[in-house]
Amino acid sequence: MIFAFPSRPARRRARFNHASRLALLAGLTLGTISPALAEEAPGDETRADIRVDGRREQKLDRPAEAIGATIDAGILARANTITAEDALRYLPNIQLRQRYIGDTGSAVAVRGTSGFQTARVLVTLDGIPISNFLGNTYVYAPLWGMVAPDEIESVDASYGPFSARYGGGTMGAGIFIQTHMPQKLEAGVDLTYGNQDFNAQKSSDSLNTWRIQSHIGNRHGNVSWMLYQDHLSSQGQPLYFAVTPVSAGTTAAGTPVTGALRDRDATNTDRYLVGSSGVTDTRSDLVKGKLAWDAAPSTRVMLTTAYRDLRYDSLAPETYLRDAAGNGVISGSAQIDGRSYALSSLLGLRKQDVQLRDLLSGISVTSQLTHRLHAELSASTYNVLGGETRQAYPAGNGAQVIATDAQGWANAAARFAWDMAKGNQIGFGGDYAQYWTQTSTWNSTDWLNGARSSFAERSGGKTEIFGLYGEDRWALTPTLTLTAGLRYDHWRAFDGQRTTSASALTYPSRAKDGWSPKGVLRWTPAKGWAVQLRAAQAWRFPTVTELFQSASSGGVLVQSDPNLKPEHSTTFDLGTTRDMALAGGTLSLGATLFHERVSNTLYNQQNAFTGATYYQNIGLVRTRGVELSATGRHLFDGLLDLDGAFAWQGGKILQNANLPVSVGKEMPRVPRIRWNLLATLHPVEKVDATVGVRHEGAQFSDLLNSDGRRGGFGYADAYTFVEARLGVHITRQLQASVGVDNLFNQIRYIYHPYPRRTVFLALKWRAQ
């Protein structure tokens, strides 16, 4: 049985301040490194499994006992990998919420965690966190734009919080991206063009995407470096359609119009569709540099810096309505079937312009300090250098400028592993993270180019978390290994405030402790067989925006709550794998049963007693499921590579005092069925042909499961998308490919419409 340890008294928490945490982390690091370096002898032999020459390297930031699946660069090169997040498409039981190419809201869903619970999925890049734990919804998706797709060497996925090295950010999954560093001169240029013919409702657009990436790198002695430039210009389909309930019509005067479409929404409400938000234009420029210094045969120092200039906008909403003269009607009042409807504040007709400049920087040190002691130290920071969102409705009413005054985070971690005798290993370390945000909303008379006029609102705050962990791995017998760990987290929220033109409110600071025990029992009864039983608890503390920053989501104001409780999960899974030789290659099969109970699940929901929509705690949610996977490499003497996965799962609400009628309902955006299949044929040496299929089953969008209808804007449709790619190596330096996503041109909605058939043409040149 797993037990949670009680929190420390608040009086003791108050004395454990920010400086104390950093001092303790530094002391842990220096106190361990100093004696270890002192006993290092010049003739000490370097272990093969921690070499830092780019070939074999033990990575303490990737917990081996938790890794469930890996995708390597070879597979990514043969799929339609246009942006970095595409690398996740064929990982088992993972769904990527990607509305269009370059979507900044590409959230990750896994097992019982939906794309509206992004703070449960940790994503790291060479050990640097790129998860946006400022919030807990798709708006705070990982920083995929900081990753150049062609630098990815491998992607490892863990499922569940089974490693003591990480806190509640891995309650759903951990995604660990490892990138490439050169051993000799490397250079390349990639050109990609994509086109989508989008048709839905009365919207019809031919949408183009261009991506231009170049890189150059080299190794000089014990120093290697890499520079990347990545430009993306993408047009996305309309994300919103302008809708109004039929019942909202009045007898007031309005312009008689034709062209409205009538249907029913997901809750069976009769409505009119009168227009769309129009094309979404995205332009992103990334400049990135990496520098690695092998200070000793077993010590590597790595620096990473990435700067991005991003802008996306939807400036031309379209109307389906026409007056008697055939002119479009997009504002004011429109008379439809004898009743008048106000158009001036429909979300689907809103114009928006978003600009963002941000910087990610990090440093890591990987070292074998002695023959037995390994260490990884890292520190990183992310800062929004400038951010502004401007929005208004067609007639110019409701014009606002939302400015990012300050936003970002800082992380530091120290991880160690000590190899004992007879296969035992002790791991220990600590980490620290702080997140901050402040945004201001202003009214403006010229929404796109004008100055900020009257002040409307300002909100923000900070959170920080400090963690320590220890774990011990015992080889109980030659075939049985037990890893037991314990993690302690101390969380604090502070400097929370909200100011309007009429009032100012300052929230009191809060603090909370959490203990998280972990256990993994692994049995290898025979060659190629492994059975693993895992159990863990984890705390996921509220993010700064859940606590202190209200935001509009889908036209509904979702209000923050400074008194939210942390999520607490108890998770078990039992899995087995079988590796074998087959048809001249290798085949790996896997099966896992999982069970998870999360108390105080954080989710935005309408309070049944107040009618307001808040970030609130759901008392208890249970998720159960089974996952199956198969990975084949070089089958039939190198003809076929295969990746396939199937998952069945169910998430049920067992307690919810704020919305009692939801008890017994399914958790939103958790499909019962999810599966995928990726197959690559190598018919001749220089040709690769790939076909992929991804299926996401039926799911609900709200806690009451009232949206049972399918097949329109606002719905949550099941989908099965087929994609294909043909790649040809024209010369040693030049490769060409043609690919297609959504081969059968289906129209599917996960609230927003997903892309229709998209065709890609690509050229890759590599220096040899």
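Residues numbered from 1 in each chain as written. Predicted model: local features only at pLDDT ≥ 70, side-chain atom pairs only at ≥ 80, totals over all residues. Heavy atoms only, no water.

Novice: So what exactly am I meant to see when it comes to the sheet that holds strand E12 (residues 255–256) here?
Specialist: Strand pairing in a sheet takes place through backbone hydrogen bonds and is either antiparallel or parallel in direction. Strand order across the open sheet formed by three strands is E12-E18-E19, with mixed pairing between neighbours. Only two strands of the sheet have a single neighbouring strand rather than two, namely E12 and strand E19 (339–342). Pairing between strand E18 (residues 333–336) and E19: four bridges, direction antiparallel. Its bridge partner lying in E19, isoleucine 336 is registered against arginine 339. (Pairing = 2+ DSSP bridges. Helix = DSSP H or I, 4+ residues; strand = E, 2+ residues; numbered from the N terminus.)

Novice: I would appreciate a short explanation of the side chain of threonine 680 in the present structure.
Specialist: Residue position: threonine 680 is located in strand E35 (residues 673–684). The buried category is assigned to threonine 680, whose relative accessible area is 3%. Looking at threonine 680, its side chain comes within polar contact range of the side chain of threonine 690, at 2.9 Å. Beyond its immediate sequence surroundings of up to four residues, threonine 680 is in contact with Arg78, Leu639, Leu640, Asp641, Asp688, Ala689 and Thr690. (Buried < 20%, exposed > 50% of the residue type's maximum accessible area, 1.4 Å probe, protein only. Polar contact = N/O pair within 3.5 Å; in protein donor to acceptor, adjacent residues only side chain to side chain. Contact = heavy atoms within 4.5 Å.)

Novice: Could you clarify how one ought to interpret the side chain of aspartate 86 in this entry?
Specialist: With respect to the secondary-structure elements, aspartate 86 resides in the loop between helix H3 (73–77) and strand E2 (94–97). At 3.0 Å, the side chain of aspartate 86 and the backbone nitrogen of threonine 83 are in polar contact. Ignoring sequence-local partners within four residues, the contact set of aspartate 86 consists of Asn80, Thr81, Leu96 and Gln98.

Novice: Explain the packing of aromatic side chains to me, please; I cannot follow it from the model alone.
Specialist: Any aromatic ring pair is given by two values, namely how distant the centres are and how the planes are angled relative to each other. Following the criterion strictly, the structure yields 19 aromatic pairs and no others. Seen in terms of ring centroids, tyrosine 240 and tyrosine 751 are 6.4 Å apart; in terms of plane orientation they differ by 75°. Their pairing is edge-to-face. Residue tyrosine 240 is located in the loop between strand E10 (223–236) and strand E11 (241–245), and its partner tyrosine 751 is located in the loop between strand E39 (749–750) and strand E40 (752–753); the two are separated by 511 residues in the primary sequence. On the basis of an interplanar angle of 15° and a centroid distance of 6.3 Å, the ring pair of tryptophan 539 and phenylalanine 541 is categorised as stacked. Phenylalanine 541 sits in the buried class, given a relative accessible area of 7%. (Phe/Tyr/Trp six-rings, centres within 6.5 Å; stacked < 30°, edge-to-face > 60°.)

Novice: Got a minute to help me understand a nonpolar patch on the surface in this structure?
Specialist: Residues Val189, Leu191, Ile212, Leu726, Val728, Ile730, Val738, Val759, Leu761, Leu763 and Trp765 make up a contiguous nonpolar surface patch of roughly 840 Å² in combined accessible area. Mapped by element, the contributors of at least two residues to the nonpolar patch are strand E8 (186–200), strand E37 (719–729) and strand E41 (758–766). A total of four residues in the nonpolar patch trace back to one element, the largest contributor, which is E41. Assignment of secondary structure puts leucine 761 in strand E41. Among the residues examined, leucine 761 registers a relative accessible area of 47% and is labelled partly exposed. (Patch = residues over 30% accessible without salt bridge, like charges linked within 9 Å, V, L, I, M, F, W, Y side chains within 5 Å. Areas by Shrake-Rupley, 256 points an atom, 1.4 Å probe, with all protein chains shown as cover. Salt bridge = Lys/Arg side-chain N within 4 Å of Asp/Glu carboxyl O.)

Novice: Can you help me understand the nonpolar core in this one?
Specialist: A general trend in soluble globular proteins is that nonpolar side chains are found buried together. Counting 58 residues, the largest nonpolar core has Leu88, Leu91, Ile94 and Ile175 as its most contacted members. When sequence neighbours within four positions are dropped, the list of residues in contact with leucine 88 reads Ile94, Val108, Trp144, Val155 and Ile175. With 24 residues, the next largest nonpolar core counts Ala200, Leu207, Phe241 and Val670 among its residues. (Core = buried A, V, L, I, M, F, W, Y, C linked by side-chain atoms within 4.5 Å.)

Novice: For this particular structure, what's the right way to read the pairing of strand E28 (residues 529–540)?
Specialist: Consecutive side chains along a regular strand alternate between the two faces of the sheet. The buried count for E28 comes to nine of twelve residues, which makes it a mostly enclosed element. One ladder, built from six bridges, connects strand E27 (residues 510–523) with E28; its direction is antiparallel. Its bridge partner lying in E28, tryptophan 523 is registered against valine 531. Hairpin remark: E27 followed by E28, antiparallel, with five residues in the connecting loop; positive phi at glycine 528, about 85°. Pairing of E28 with strand E31 (residues 567–582), which is carried by twelve bridges, proceeds in the antiparallel orientation.

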